[in-house]
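Residue-level listing of the chains:
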Amino acid sequence: MTEVLASRSFRGPAAGDAIEAVHNDLDSLWLDVPFVSDMDQMTFTTAVIESASNIVQHAQPAGPRDVELGVETVVRPHLLQARVSAYNAKPPYGPLDACIPGEDAESGRGLALIEALVTTVTFERQDGTNTWVLTRTSSQD
Amino acid sequence: MEFSYEVKDSYAEVKADGRLNMVSAPKLREFVTDVIAGGSNRIVVNLERTAFMDSSGLGALIGCLKAARQAGGDLRIAAVQPQVNMVLKLTSMDKVLTAYPTAEEAFSND
């Protein structure tokens with residue numbers, strides 16, 4: 001595995017405050033790696049926030065414990081990776097494939113947007129945790 | 001995110017300052033609904049200070065557009081920043097939400 005140039009980790013209750021905290025983490029992460037292009041920073045931040053918001057809005061608890069959101073972001077040479085997790089959550093309900101809703105729809109564009117922003121999206125489920133792994137190859141100087 | 005508005009000669013300008021995400025999207029919807037209820041159905045959302053928008057924020061703008069049209073008016077956006085422009089283009093919603101360089105230009109030809 002190649003060298004880690006910078007990283008951030010967040011875990012907390014899956015609520016609106018968590019989205020702001022993750023966004024602040026990402027803003028501070030980019031300060032550590034200014035050689036990552038503005039375009040890569042912008043696209044990856046958008047994909048991570050979309051994915052985290054999807055958990056906050058839709059993840060259902062699998063038991064008595066509330067769902068927690070976890071976001072681990074790592075910058076390696078030429079690679080950005082985020083593991084966005086829903087802890088204590090049921091398996092995701094509904095289609096995992098992206099679709100494009102009608103132009104007057106007010107929701108349903110998140111998954112398609114994530115897929116357009118990153119190089120790969122994979123899903124893992126283990127021990128009651130749903131994890132979306134986002135990667136984007138990065139054109140670093 | 002903070003919202004403010006100002007009624008101009010032929011439209012109401014709504015300024016949105018901050019991140020337009022799943023937290024602030026419902027607040028934008030409520031704010032614009034109140035502006036429309038106050039008698040303005042031609043709305044310009046000035047996004048000059050909106051550095052970030054996700055699909056929730058986009059959904060709120062579409063909801064506000066529908067509300068303005070249902071009231072017999074329209075909603076346009078202005079001063080779109082790069083990240084917001086990227087989200088509009090990737091979702092093809094740049095064809096639905098018309099963007100203008102400045103708020104003043106949004107309704108200038110109507």
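Refer to the preceding data block for the structure.
Nothing here was measured: the structure is a model prediction, and the numbers come from that model. (Residues numbered from 1 in each chain as written. Chains lettered and ligands numbered in written order. Predicted model: local features only at pLDDT ≥ 70, side-chain atom pairs only at ≥ 80, totals over all residues. Heavy atoms only, no water.)

(A) Structural detail: the overall build of chain A. A tally of regular secondary structure across chain A gives three helices and five strands. The order of helices and strands in chain A, counted from the N terminus, is β-α-α-β-β-α-β-β. Taken against the 2.2 N^0.38 rule, which gives 14 Å for 141 residues, the C-alpha radius of gyration of chain A at 15 Å falls within 12% of a compact globule. Reported as C-alpha extents along the three principal axes, the dimensions of chain A are approximately 45 × 35 × 25 Å. Across chain A, contacts joining residues at least 24 apart in sequence account for 64% of those joining residues at least 6 apart. When the accessible area of chain A is evaluated, it comes to approximately 7,300 Å², of which 50% is carbon and sulfur surface. The centroid of the 9 positive side-chain charges in chain A is displaced by 8 Å from the centroid of its 20 negative side-chain charges. (Helix = DSSP H or I, 4+ residues; strand = E, 2+ residues; numbered from the N terminus. Rg over C-alpha atoms; globule rule 2.2 N^0.38 Å. Contact = heavy atoms within 4.5 Å. Areas by Shrake-Rupley, 256 points an atom, 1.4 Å probe, with all protein chains shown as cover. Lys, Arg positive; Asp, Glu negative; His and termini not counted. Charge placed at Lys NZ, Arg CZ, Asp CG, Glu CD.)

(B) Region of the structure containing the sheet that holds strand β2 (residues 68-76) of chain A. All names here are of chain A. The five strands are arranged β1-β2-β3-β5-β4 in an open sheet whose pairing can be described as antiparallel. Of all the strands in the sheet, just β1 (6-13) and β4 (120-126) have a single pairing partner and so form its edges. The mean inter-strand angle of the sheet, taken between neighbouring strand axes irrespective of direction, is 10°. Relative to strand β5 (residues 129-137), β4 runs antiparallel, the two being bridged by seven bridges. Residue pairing for β5: Arg125 is matched across the bridge by Asn130. (Pairing = 2+ DSSP bridges. Axes fitted to C-alpha atoms, helices over the stretch in contact; angles between N-to-C directions.)

(C) Quick look at the packing of aromatic side chains. On inspection of all chains with the given rule, the structure shows four aromatic pairs over all chains. In this arrangement the basic side chain of Arg11(A) is found over the ring face of Tyr87(A), its NZ or CZ atom lying 3.5 Å from the centre. (Phe/Tyr/Trp six-rings, centres within 6.5 Å; stacked < 30°, edge-to-face > 60°. Lys NZ or Arg CZ within 6 Å of the ring centre and 35° of its normal.)

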